[in-house]
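# Structural overview
Here are the chains, one letter per residue:
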Amino acid sequence: MSGPRPSQAHPPVTPLPALTALRFVAAAFVLAFHYAGAFFADAAVPAPIRLGYSGVTFFFLLSGFILAYTYSAVDLRDRAARVRFRWARVARVMPVYLLALVLALPWFVSWVAKSAPPLQGLMAASAVLAPLGLHAWVPGAACALDCPSWSVSVELFFYALFPALLPLVLGAPGRIARLTLGAWIVLTGGAGLAFAHYAPGVSLIGPEAGGPGPVLLAQAIKYNPLLRLPEFVAGLLLYVAWTRRRIPTAALLGSAAVAAFGLVAAAPILPEVLLHNGLTALAWAPLILAGAQIRSGPLVAPAFVFLGRISFALYLIHVPAYALVNSLDRIALGGRLAAAPWLGAGLATALSFALSLALHLGLEEPARRRILRWAARPGTASPVAAR
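Our subject in this report is the structure included herewith. (Residues numbered from 1 in each chain as written. Predicted model: local features only at pLDDT ≥ 70, side-chain atom pairs only at ≥ 80, totals over all residues. Heavy atoms only, no water.)

With that settled, consider unusual backbone geometry. A cis amide bond links Pro-117 with the next residue in sequence, Pro-118, at an omega value of 0°. Take Pro-118: it is sitting in the loop between helix H3 (79-114) and helix H4 (119-129). Positive phi, normally seen in glycine, also occurs at Asp-146, with a value near 50°. Topologically, Asp-146 is positioned in the loop between H4 and helix H5 (150-171). Residue classification places Asp-146 among the buried residues on the basis of a relative accessible area of 5%. (Helix = DSSP H or I, 4+ residues; strand = E, 2+ residues; numbered from the N terminus. Buried < 20%, exposed > 50% of the residue type's maximum accessible area, 1.4 Å probe, protein only.)

Written as structure tokens, this is what we have:
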């Protein structure tokens, strides 16, 4: 395999189009979860949609898998290679991320103004922390400014560790797998016990009914980058497993379906911390392995793959799109959309797709190419923001 050109962060790799398409599936799953809670009564939400938050676990797993697949032949001990990697991550993530934060500002300001201490001050801190990608570390700030952006903050932490993690995983996957599983059990188990003790009877997914204390504890559990790190490392390990043994695609898809059915059926009795923070990898992991092997069928259709390409923008913009529809409904229609939830959800979804398409074509791709060209110039320094 030839080495990367100065403008490339890594040598060319074979595209995995089905995995790109699956990004859209996960983003749409998260959108459905949020919109179901916003527009419909709780009793009307189907059981599978209640696990829509688990789409983020898919993204963390996929991020580890794709980065390992892409950079396995790159010596990240080399400073120039690390610089190219960091610029590639900045170019991929930051343009749409920062614009989504800006678009969410009007509702952020309103929400902060209506909140009471101590949440108010912590939420306001997100105005400084979110553009720096640090807000996931601070409960209260993590979900204040365009809530889905917390996962980008977590990803930036993963990117910072990736050059050190990849050689460890490739060199000793068995040991790292045991350590990762042990860390996940300790972290999620401890978090679950803490939440059950300090917020008895309160839902981790919707802790607002319990007051500020449970809200802050829930955010510390759900969004803290250290607690989500096992999911990313599992993605790296998933790549190693894929290179060592190819399981038939049909068997992988069957395993994913069985695991998904089991998780949905058992969700009412399983601890929410486990479900939110990685247990759903039981279904997502075989789906990712299958997607890496699929070379024909609907998942590699150009239209589906394109939806996958706009999925990052869709994921980040769907909450501001809902906020805009909700605001216009209250101002112009007097809240009448409350009586027509399917219409409200349809309008918000259509707006989300329109905005994500515009952001992808008008900002995401042009800015990515421009940043990479600029970063390839001699003398360009390593970006601090990429860490």
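Turning next to the packing of helix H6 (residues 173-198) against helix H10 (residues 272-279). Here H6 crosses H10 at 145°, and the two axes come no closer than 9 Å. Here the hand of the crossing between H6 and H10 comes out right-handed. Between H6 and H10, the residues in contact are Trp-184, Thr-188, Ala-191 and Gly-192 and Val-273, Leu-274, Asn-277, Gly-278 and Leu-279, respectively. When grouped by side-chain class, the residues that make up the contact of H6 with H10 number five nonpolar, four polar and no charged. (Axes fitted to C-alpha atoms, helices over the stretch in contact; angles between N-to-C directions. Left-handed = near helix turned anticlockwise from the far one by under 90°. Contact = heavy atoms within 4.5 Å. Nonpolar A, V, L, I, M, F, W, Y, C, P; charged D, E, K, R; others polar.)

All chains considered together, the criterion is met by 28 aromatic pairs. Ring centres of Tyr-35 and Tyr-322 lie 6.4 Å apart, and the angle between their planes is 45°; on these two criteria the pair is classed as tilted. Of the two residues, Tyr-35 is situated in helix H1 (residues 17-39) and Tyr-322 in helix H13 (residues 311-333); the sequence distance between them amounts to 287 residues. Since its relative accessible area comes to 4%, Tyr-35 is described here as buried. Where Trp-137 meets Phe-157, the ring centres are 5.0 Å apart and the plane angle is 90°; that geometry is what we call edge-to-face. Of this pair, Trp-137 sits in the loop between H4 and H5 while Phe-157 sits in helix H5, and the two are 20 residues apart along the sequence. An aromatic cluster is defined as three or more aromatic residues linked by ring pairs; in this entry it consists of Phe-60, Tyr-71, Phe-85, Trp-137, Trp-150, Phe-157, Phe-158, Tyr-159, Phe-162, Tyr-223 and Phe-232. When the ring centre of Tyr-159 is taken as origin, the NZ or CZ atom of Arg-89, which lies over that ring, is 5.3 Å away. (Phe/Tyr/Trp six-rings, centres within 6.5 Å; stacked < 30°, edge-to-face > 60°. Lys NZ or Arg CZ within 6 Å of the ring centre and 35° of its normal.)

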